[in-house]
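As a plain string of letters, each chain reads:
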Amino acid sequence: MKKIIALFALLVALNSCSPSDGVEYQLKLVPIASVDIPTEFTLGQTYPITVRYNKPTTCYYFNQLYYEKDLNVRTVAVECAEEQSNNCHELSGADAVSEFTFNFYVTSNGSYIFKFYQGKDENGQDLFLQYEVPVTN
């Protein structure tokens, strides 16, 4: 958890980049709204996991998936680049929903705990959508 906060702090500190087109971007973590994840894994197999997140405006672009490993706990967040522009339009409904699929290779027994970042609560504490997925042989 401390690593995700440190990464976010670093992103805020380095809050913009300037590609060759002169447009400025700010990196932001966006909440994951839902996840398609298997109910169980088999050791040695690979599984697709799809995360859905909402882009608030037309100026949000997927940048990368933040993925942290700690024993059998996986913390996942979506990082978007927000274009710093006055031409952004709010998105709603199906237009706001984007998704990203990554492959997960099962390397150990027991259960995996996946924590998907969902933003912060009213006290500034990180919120997570959590799944425990058992591994069968």
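Structure: above.
Residues numbered from 1 in each chain as written. Predicted model: local features only at pLDDT ≥ 70, side-chain atom pairs only at ≥ 80, totals over all residues. Heavy atoms only, no water.

Per the counting criterion, the structure on display carries one disulfide. The side chain of Cys59 participates in a disulfide bridge whose partner is Cys88; the two sulfur atoms lie 2.0 Å from each other. Residues Cys59 and Cys88 are joined by a disulfide whose S-S torsion is about -105°; by sign, that bridge is left-handed. Taken as a pair, Cys59 in the loop between strand E4 (46-54) and strand E5 (60-70) and Cys88 in the loop between strand E6 (73-83) and strand E7 (97-105) lie far apart in primary sequence, 29 residues in all. (Disulfide = S-S within 2.5 Å. Helix = DSSP H or I, 4+ residues; strand = E, 2+ residues; numbered from the N terminus.)

With respect to topology, three strands assemble into an open sheet ordered E2-E4-E7, the strand pairing being antiparallel. This sheet does not close on itself; its edge strands, each paired only once, are strand E2 (32-36) and E7. Mean inter-strand twist for the sheet, computed between neighbouring axes without regard to direction, equals 25°. The sheet contact formed by E2 and E4 spans four bridges and is antiparallel. Looking at E4, one finds that Ser34 is bridged to Arg52. (Pairing = 2+ DSSP bridges. Axes fitted to C-alpha atoms, helices over the stretch in contact; angles between N-to-C directions.)

Quick look at the pairing of E4 now. Bridge analysis of E4 against E7 gives nine bridges, and the strand direction is antiparallel. Bridged to Val51 within E7 is Phe100.

Turning our attention to the pattern of salt bridges. What the rule picks out here adds up to four salt bridges. With a closest N to O distance of 2.7 Å, Lys28 and Glu82 form a salt bridge. Linking Lys28 in strand E1 (residues 25-30) with Glu82 in strand E6, this pair joins segments that are 54 residues apart in sequence. The exposure class of Lys28 is partly exposed, given its relative accessible area of 26%. (Salt bridge = Lys/Arg side-chain N within 4 Å of Asp/Glu carboxyl O. Buried < 20%, exposed > 50% of the residue type's maximum accessible area, 1.4 Å probe, protein only.)

Among the secondary structure elements, Phe62 is positioned in strand E5. On the basis of relative accessible area, Phe62 is assigned to the partly exposed category, the value being 31%. With 16 residues separating them along the chain, Phe62 and Val78 place their C-alpha atoms 7.5 Å apart. With sequence-adjacent residues up to four places away left out, Phe62 is seen in contact with Tyr53, Val78, Glu79, Cys80 and Phe100. (Contact = heavy atoms within 4.5 Å.)

Moving on, we come to the nonpolar core. One finds Phe41, Ile49, Phe114 and Phe116 to be the most contacted residues of the largest nonpolar core, which totals 22 residues. Elements with a contribution of two residues or more to this core: E2, E4, E5, E6, E7, strand E8 (111-120) and strand E9 (126-136). Sorting elements by how many residues they give to this core places E4 first, with four residues. When neighbours within four sequence positions are excluded, Ile49 is seen to be in contact with Val35, Asp36, Ile37, Pro38, Phe41, Phe100, Thr101, Phe102, Phe104, Phe114 and Phe116. (Core = buried A, V, L, I, M, F, W, Y, C linked by side-chain atoms within 4.5 Å.)

Time to look at the pairing of E8. Pairing of E6 with E8 involves four bridges; the strand directions are parallel. Within E8, the position partnered with Arg74 by the bridge is Phe114. Bridge analysis of E8 against E9 gives eight bridges, and the strand direction is antiparallel. By the bridge assignment for E9, Phe116 is matched with Leu129. Here E8 folds back onto E9 in antiparallel fashion, the turn holding five residues, of which Gly124 has a positive phi close to 80°.

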